[in-house]
Amino acid sequence: MKFYISATGIKKVTISNPGVGIGKGGGGCAAAAAALAARRFSGRTLLLLLLLLAIVLPFIFVRFAFLVLESASVCDSPLDCMGLRLFRGGDTSLKIREELTRALVEETDQDGDGSGKKGSLESFDDLVKEMTLKRRDIRAFASVTKKMLLQMERKVQSAKHHELVYWHLASHGIPKCLHCLSLRLTEEYSVNAMARTRLPPPESVSRLTDPSFHHVVILTDNVLAASVVISSTVQNAVNPDKFVFHIVTDKKTYTPMHAWFAINSASSPVVEVKGLHQYDWPQEVNLRVKEMLEIHRMIWRRHYQNLRDSDYSFVEGTHEQSLQALNPSCLALLNHLRIYVPKLFPDLNKIVLLDDDVVVQRDLSSLWETDLNGKVVGAVVDSWCGTNCCPGRKYKDYFNFSHPLISSNLLQDDCAWLSGMNVFDLKAWRQTNITEAYSTWLRISVSSGLQLWQPGALPPTLLAFKGLTQSLDPSWHVAGLGSRSVTSPKEILKSAAVLHFSGPAKPWLEISNSEVRSLWYRYVNSSNIFVRKCKIMN
């Protein structure tokens, strides 16, 4: 054994045992080193553990908070739902979705027809208060929410329906400015000799029956509309002097109509204005016309009564057609007299019949040169959009195909030809029985309970002219501009020869489509003193 003492003091004492004693002494040192390493390892582990807990604990806290919030709406007690859900978030969402779906289905089954019940909440704020204050479970939430949504849906549908009805009612009226124009022209007719000038002037009377001229027929009681039709036709004609216009109107409108074209004769070609009271028809024709009007009134009244009995609850997709059929124009005499055009103009052989709600954008002269191939009427049948759509409506929009008389004569998906701009070969018409067939179909409608077609003059006309129609190029006539929305592209509208404001929204009404209204108004004579005084351009 060796014993060392330091010279600077007893600061370190070293005892060593060489030989055998060295093994024991070395074993003690190794044990001490191992103990020191263990103490160092334990401290490092504790530090890492604390650092790990500092990172993980916030996530655990947030997860626990979410589970508590979810449990409040799913379970009766948050503690009941903790269990294994602490690390099974996907199952929680799935359970909530399944519970909500089950509650909605059960609520629908209990509700029966799905119409909901009265007393549901009015707003989303009310729903939040209901759920917060009364601490409803998810079943109650589904029930209250469904009732609220159904009630809102009924209100929206009711508002849309009423808006559609009011829109159609607005189309039935006559604007104040048009009343003003008629009254002022009537006054002018009584005080101004020029307004009573003969139409046409004596030197042009021979043109009224000359087949070398282009004869245009307009049946209307609207002075402003007739002026636009003639103005647009003349301005776009290559040779305006070749046109002769024949206006047929009622007794009430004859005076202002005559006054307008007598005063504005300098800018117009040959115009003939004739009132129905000036025709001297045989008694047989008068009786047929009377019978025709009475049957159309019966069809109209039946349609109106059916709508009233059903409380105006239309089948989806038929709202506008049903309301449009109630338009008073369906009973207008001038609309139904088209079937008697050959008798109105016995000296003419070929005419173009224009409605008063059209505007002309191209020269129409080539229409009189169109070969109708022995047919009576030339009309647009095909559409610019191809074979998948129609230029107007299909037969099923006019007729009741559940009746065998209709289904055996027409195909419901065929396109009906457009009226409003048509070429008529009156000479070929007189060789047929079209007018008689029209009257026959009216009598058949009466014997069938007035159930064959919608109110209006066009359905029986389509039946009477079956097989006698020659198709024209679709660019001659684009219709539907009087609808709530215009579907025709701008390039189609620009290239069309005739634009037809078919539908309730006529261009002179405030409800007309602002996108296409200007196409009509640019042909209104804004410099005319009566147009300015009646503020028509405003």
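Conventions adopted
Residues numbered from 1 in each chain as written. Predicted model: local features only at pLDDT ≥ 70, side-chain atom pairs only at ≥ 80, totals over all residues. Heavy atoms only, no water. Helix = DSSP H or I, 4+ residues; strand = E, 2+ residues; numbered from the N terminus. Buried < 20%, exposed > 50% of the residue type's maximum accessible area, 1.4 Å probe, protein only. Contact = heavy atoms within 4.5 Å. Disulfide = S-S within 2.5 Å. Pairing = 2+ DSSP bridges. Axes fitted to C-alpha atoms, helices over the stretch in contact; angles between N-to-C directions. Parallel < 35°, antiparallel > 145°, perpendicular 65-115°, else oblique. Phe/Tyr/Trp six-rings, centres within 6.5 Å; stacked < 30°, edge-to-face > 60°. Lys NZ or Arg CZ within 6 Å of the ring centre and 35° of its normal. Core = buried A, V, L, I, M, F, W, Y, C linked by side-chain atoms within 4.5 Å. pLDDT = per-residue confidence, 0-100. Patch = residues over 30% accessible without salt bridge, like charges linked within 9 Å, V, L, I, M, F, W, Y side chains within 5 Å. Areas by Shrake-Rupley, 256 points an atom, 1.4 Å probe, with all protein chains shown as cover. Salt bridge = Lys/Arg side-chain N within 4 Å of Asp/Glu carboxyl O. Expected span 1.5 Å × (residues − 1).

Colleague: Looking at this structure, I do not really get the overall build of the protein. What am I missing?
Modeller: Tallying secondary structure elements over the protein gives 18 helices and twelve strands in all. Counting over 538 residues, the protein shows a buried share of 42%. Considering only contacts within the protein whose residues lie at least 6 apart along the sequence, 72% involve residues at least 24 apart.

Colleague: Could you clarify how one ought to interpret the state of the cysteines in this entry?
Modeller: Linking two cysteines covalently through their sulfur atoms gives a disulfide. Considering all chains together, one arrives at two disulfides under this definition. Disulfide partner of cysteine 180: cysteine 534, at an S-S distance of 2.1 Å. Residues cysteine 180 and cysteine 534 share a disulfide whose torsion about the S-S bond is about -75°; that sign makes it left-handed. Of the two residues, cysteine 180 sits in helix H5 (residues 176-191) while cysteine 534 sits in the segment after helix H18 (529-533), which places them 354 residues apart along the sequence. Covalently, cysteine 390 is tied to cysteine 415 through a disulfide, its sulfur atoms 1.9 Å apart. Taking the sign of the torsion about the S-S bond as the criterion, the disulfide between cysteine 390 and cysteine 415, at about -75°, is left-handed. Linking cysteine 390 in the loop between strand S8 (377-380) and helix H12 (404-407) with cysteine 415 in the loop between H12 and strand S9 (421-425), this pair joins segments that are 25 residues apart in sequence. We classify cysteine 390 as buried; its relative accessible area is 16%. For the unlinked cysteine cysteine 177, the closest cysteine sulfur is that of cysteine 534, found at 7.5 Å.

Colleague: Would you mind showing me how to read the sheet that holds S9 here?
Modeller: Strand order across the open sheet formed by seven strands is S5-S4-S3-S6-S9-S8-S10, with mixed pairing between neighbours. Single-partner strands in this sheet number two, and they are strand S5 (270-275) and strand S10 (469-472). Between one strand axis and the next, the sheet turns through 25° on average, direction left out of account. Of the strand pairs in this sheet, strand S6 (residues 350-354) and S9 are connected by five bridges, and their pairing is antiparallel. From the neighbouring strand, leucine 354 faces S9, where its bridge partner is methionine 421. Set on the sheet, helix H6 (residues 223-235) makes contact with strand S3 (214-219), strand S4 (243-249), S5 and S6; between it and S4 the angle comes to about 170°.

Colleague: Would you mind going over the packing of H5 against helix H7 (residues 251-263) with me for this structure?
Modeller: A packed helix pair is summarised by two numbers, namely the angle formed by the two axes and the spacing between the axes. Packing of H5 against H7 leaves a shortest axis separation of 8 Å and a crossing angle of 75°. Taken together, the axis directions place H5 and H7 in an arrangement best described as roughly perpendicular. Contact with H5, carried on its side by Leu181, Ser182, Leu185, Thr186, Glu188 and Tyr189, involves Thr255, Pro256, His258, Ala259, Trp260 and Ile263 of H7 and no other residues of that element.

Colleague: I tried to follow the environment of leucine 462 on my own but got confused; where do I start?
Modeller: Tracing the backbone through its elements, the reader meets leucine 462 in helix H15 (residues 458-464). With relative accessibility at 1%, the residue leucine 462 sits in the buried group. With 44 residues separating them along the chain, leucine 462 and leucine 418 place their C-alpha atoms 9.9 Å apart. Ignoring any residue separated from it by four or fewer positions in sequence, one finds leucine 462 in contact with Tyr395, Tyr398, Phe399, Ala416 and Trp417.

Colleague: Would you explain the packing of aromatic side chains in this entry?
Modeller: One pair of aromatic rings is described through two measures. These are the centre distance and the angle between the planes. Going through the model one piece at a time under the given rule, you end up with twelve aromatic pairs. The interplanar angle of 15° and the centroid separation of 6.2 Å between the aromatic rings of phenylalanine 243 and phenylalanine 245 together place this pair among those described as stacked. Grouping residues by exposure puts phenylalanine 243 and phenylalanine 245 together as buried. Ring geometry for tryptophan 300 and tyrosine 304: centres 5.6 Å apart, planes at 15°, overall stacked. Highlighted residues: tryptophan 300 and tyrosine 304, both in helix H8 (residues 283-309), separated by four residues, approximately one helical turn. Pairwise contacts between aromatic rings join Trp417, Phe424, Trp429 and Phe465 into one cluster. Note that lysine 242 overlies the ring of phenylalanine 213, its terminal NZ or CZ placed 5.3 Å from the centroid. Taking NZ or CZ as reference, arginine 362 lies 5.1 Å from the ring centre of tryptophan 476, over its face.

Colleague: Sorry, what's going on with the nonpolar core here?
Modeller: If you look at the biggest cluster of nonpolar residues, it comprises 65 residues, and the most contacted ones within it are Leu181, Phe261, Leu354, Leu364, Leu367 and Trp520. When residues of this core are assigned to their parent elements, the largest contribution, eight residues, is made by H6. Setting aside its immediate chain neighbours within four residues, leucine 367 contacts Lys350, Val352, Met421, Val423, Leu472 and Trp476. Grouped together as the second largest cluster of nonpolar side chains are 51 residues, Leu219, Val248, Ile339 and Phe401 included.

Colleague: How do you make sense of the confidence of the model for the protein when you look at a structure like this?
Modeller: Low pLDDT marks regions whose predicted coordinates should not be analysed in detail. On average, residues of the protein carry a pLDDT of 83, and 75% of them reach 70 or more. In this model residues 20-26 is a low-confidence stretch, pLDDT under 50, and it forms one contact with partners more than four residues away in sequence or in other chains. Contacts of residues 86-90 to residues separated by more than four positions or lying in other chains number five contacts, the stretch itself having pLDDT below 50.

Colleague: What should I look at first to understand a nonpolar patch on the surface in this one?
Modeller: Among the surface-exposed residues, Leu46, Leu49, Leu50, Leu51, Leu52, Leu53, Ile55, Val56, Leu57 and Ile60 lie close enough to one another that they form a single nonpolar patch of about 900 Å² accessible area. Along the chain, leucine 57 falls in helix H1 (residues 20-74). Residue classification places leucine 57 among the partly exposed residues on the basis of a relative accessible area of 49%.

Colleague: What is the right way to read H8 from this model?
Modeller: In an α-helix, one full turn covers 3.6 residues, which means residues spaced three or four apart are oriented alike. Its 27 residues place the ends of H8 39 Å apart at the C-alpha level, agreeing with the 39 Å of an ideal helix rising 1.5 Å per residue. Here H8 has its buried residues at Val285, Val289, Met292, Leu293, Ile295, His296, Ile299, Trp300, His303 and Leu307.

Colleague: How should the pairing of S9 be read in this particular structure?
Modeller: Consecutive side chains of a regular strand alternate in pointing toward one face of the sheet and then the other. Of all five residues in S9, four are buried; the element is thus mostly enclosed. Inspection of the sheet shows S8 paired to S9 by two bridges, in the antiparallel sense. Bridged to valine 377 within S9 is phenylalanine 424.

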